[in-house]
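Structure at a glance
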Amino acid sequence: MINIVFVNKKLKEIKADIELVFVVNKNFNHQWIKDAQIFDFLSFSGNEDEVLFLPEKRIIYIGIVNATDDNLRQGAALALRKLRKTKAKSIKLGLYGHENDFGARALAEGFYLGAYQYSRRFKKEQERLKRIYLASEFYNSRATDFSAIKSALSVGKVIAQSVNFTRNLVNTPPSELTPVELVVQARKMARENGLTVMVKGKDFLQKQKMGAFLAVNRASSYPPQLIHLRYKPKKFFKKIVLVGKGLTYDTGGLSLKPSNAMMTMKMDMGGAAAALGVIKAVSKLALPVSIDVILGVTENAIGKDAYKPDDILTAKNGKTIEVINTDAEGRLVLADCLCYAQEQNPDYLIDIATLTGAAMIALGNYTAGVMGFNEELKKELLSAAVVAGEYCGTLPFNKFLQQKIKSKIADIRNIATTKYGGAITAALFLAEFIEDKNKPKWAHLDIAGPAYVEEDWGVNSFGATGAGVRTLVSFIINIVKKHNNK
Ligand code: BES
Ligand code: ZN
Ligand code: ZN
């Protein structure tokens, strides 16, 4: 575990194994840059993400275009990744940002996120890096607001640690992180953060007539779990309900996935894990909103009892669903969970899911898809994503795609009659389970692309990213800010 230590000293007064210097906008003419004379010889030009590590001088230079939050966040993570193989125990750097919290939150996020590695399966490799010393001296010699920086650092730490919690859940192998084990982990996190937990099993789902969720679960050797966590501070002014897809493994069911597509499907509980990360962060930050997290948790397996293409299921709200493809299971589980979630009378209803491969085809695998009927709400999510340093794009609904999920023998089919726009038709399927009065309150986040990426990118290392946590926490922080400014 690393720790960021904010010290009331100038950079040169601090002792550390390595000094980290951001080369801002190719300006080599700054007092922190001591090796400009050899930059040219070493072909270092200070381009974005360009790294120059001078081990014998114990200094690492990283190019950033300007000191925006996101550049600092990614630069911090990149520095840690580059220094991973060294035996450095400590790093020091100065302050850079110029936005309201001076980039301190972003730097903290970058360091804590960049230090993350899911490597506990290896023979214990010592985590050597322990401390990051942040000097109180600014790059552009502005005055330092100590309390603003300290609180920004602690917000950044809470957020990053919640993201890392989500990453751990998603990275855990599927035979270990079973539905039952996800309940254990959710209870543990709830206990540590004073949250209420309700876990509902098969009997409850049967009583509630959640025929879609139950069908997906049928071939699994583990019972279905509907996990409901609640954070309810004494004073709150908005009620937010988050619904997460928690498929601890998605084989595709009888519409079996080909082996290469099945690989990585341990990530199919990424939405549920992200929702858990959000409630963890929001409760740690003690924000004045109430949060209900509702997770539909099961495996999508095969076996003699598996639900079948051709089956017709009845969801909690009475709508009938013709099963065309058992691999479109997430929407079935979410359909029933969304019905249950609306009984909580939310002000905001947001579901988060690794729902469709089509979302990655539409947006690329670094970007989450945002969908819903409320343009304002979607915009707020997009701008929260920008602040958080995550990529989100909206995918628009239209009535013609809506018609493509009509069935001849039931109310709807679980996949559309067109192969185009699959992320949108999946969201339109979910919309069938949103009551009219809740349509403006609802948004859907498809994180199939960014939840798990098999390379290092930005603040992420190979594997689970914790996608969605930072965006949703920033979204909730913005709701609170807007309320406080009224
Ligand atoms: N869990 C998958 C979606 C997914 C794909 C997530 C790739 C992450 C990476 C989902 O349950 C699924 O299988 N969707 C199908 C839908 C199809 C049958 C209409 C898909 O995207 O191929
Ligand atoms: Zn599937
Ligand atoms: Zn799935």
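Residues numbered from 1 in each chain as written. Chains lettered and ligands numbered in written order. Predicted model: local features only at pLDDT ≥ 70, side-chain atom pairs only at ≥ 80, totals over all residues. Heavy atoms only, no water.

**Section: the site of ligand 1**
Every one of the 17 residues lining ligand 1 counts as a neighbour, but Lys257, Asp268, Asp327, Glu329 and Gly357 are closest to it. At 2.8 Å from an oxygen atom of ligand 1 is found a side-chain nitrogen or oxygen belonging to Lys257. Between ligand 1 and the protein, one listed contact pairs a nitrogen atom with a side-chain N or O atom of Asp268 at 2.9 Å. Within the complex, 79% of the 510 Å² of free accessible area of ligand 1 lies under protein. In this structure, ligand 1 is accommodated by the second largest pocket. For the shell around ligand 1, the secondary structure elements donating two or more residues are strand 9 (239-250) and helix 11 (357-363). Taken together, the residues of the shell around ligand 1 sort by class into six nonpolar, four polar and seven charged. (Near = heavy atom within 4 Å. Polar contact = N/O pair within 3.5 Å; in protein donor to acceptor, adjacent residues only side chain to side chain. Areas by Shrake-Rupley, 256 points an atom, 1.4 Å probe, with all protein chains shown as cover. 1 Å grid on protein atoms, 1.4 Å probe; cavity = no way out; pocket = protein on both sides within 12 Å on 5 of 7 lines; lining within 4 Å. Sits in = over half its atoms within 2 Å of the grid points. Helix = DSSP H or I, 4+ residues; strand = E, 2+ residues; numbered from the N terminus. Nonpolar A, V, L, I, M, F, W, Y, C, P; charged D, E, K, R; others polar.)

**Observations concerning the environment of Cys392**
Mapped onto the secondary structure, Cys392 falls in strand 15 (residues 391-394). The spatial distance from the C-alpha of Cys392 to the C-alpha of Gly369 is 5.8 Å, given a sequence separation of 23 residues.

**Some thoughts on empty space enclosed by the protein**
Taking a probe equal in size to a water molecule and rolling it over the atoms shows the remaining empty space. Scanning the entire structure with this criterion turns up one cavity of 30 Å³ or more. Each pocket or cavity is described by its volume, and for the largest cavity that value is around 30 Å³. As for the largest cavity, its lining consists of Thr166, Val170, Gly270, Ala451, Gly466 and Ala467. Classifying every residue of the lining of the largest cavity by side-chain character gives three nonpolar, three polar and no charged. (Points joined across faces, edges and corners; volume = space filled by probe spheres on them.)

**Description of the layout of surface pockets**
In this structure, the second largest pocket occupies an estimated 820 Å³ of space. Residue lining of the second largest pocket: 40 residues in total, with Lys257, Leu355, Thr356, Gly357 and Ala358 positioned closest to the centre. Residue assignment for the lining of the second largest pocket shows that the elements contributing at least two residues are strand 9, helix 8 (259-262), helix 11, helix 14 (422-431) and strand 18 (452-453). Here the lining of the second largest pocket takes five residues from helix 11, the largest share from any one element. A per-class count over the lining of the second largest pocket returns 19 nonpolar, 12 polar and nine charged.

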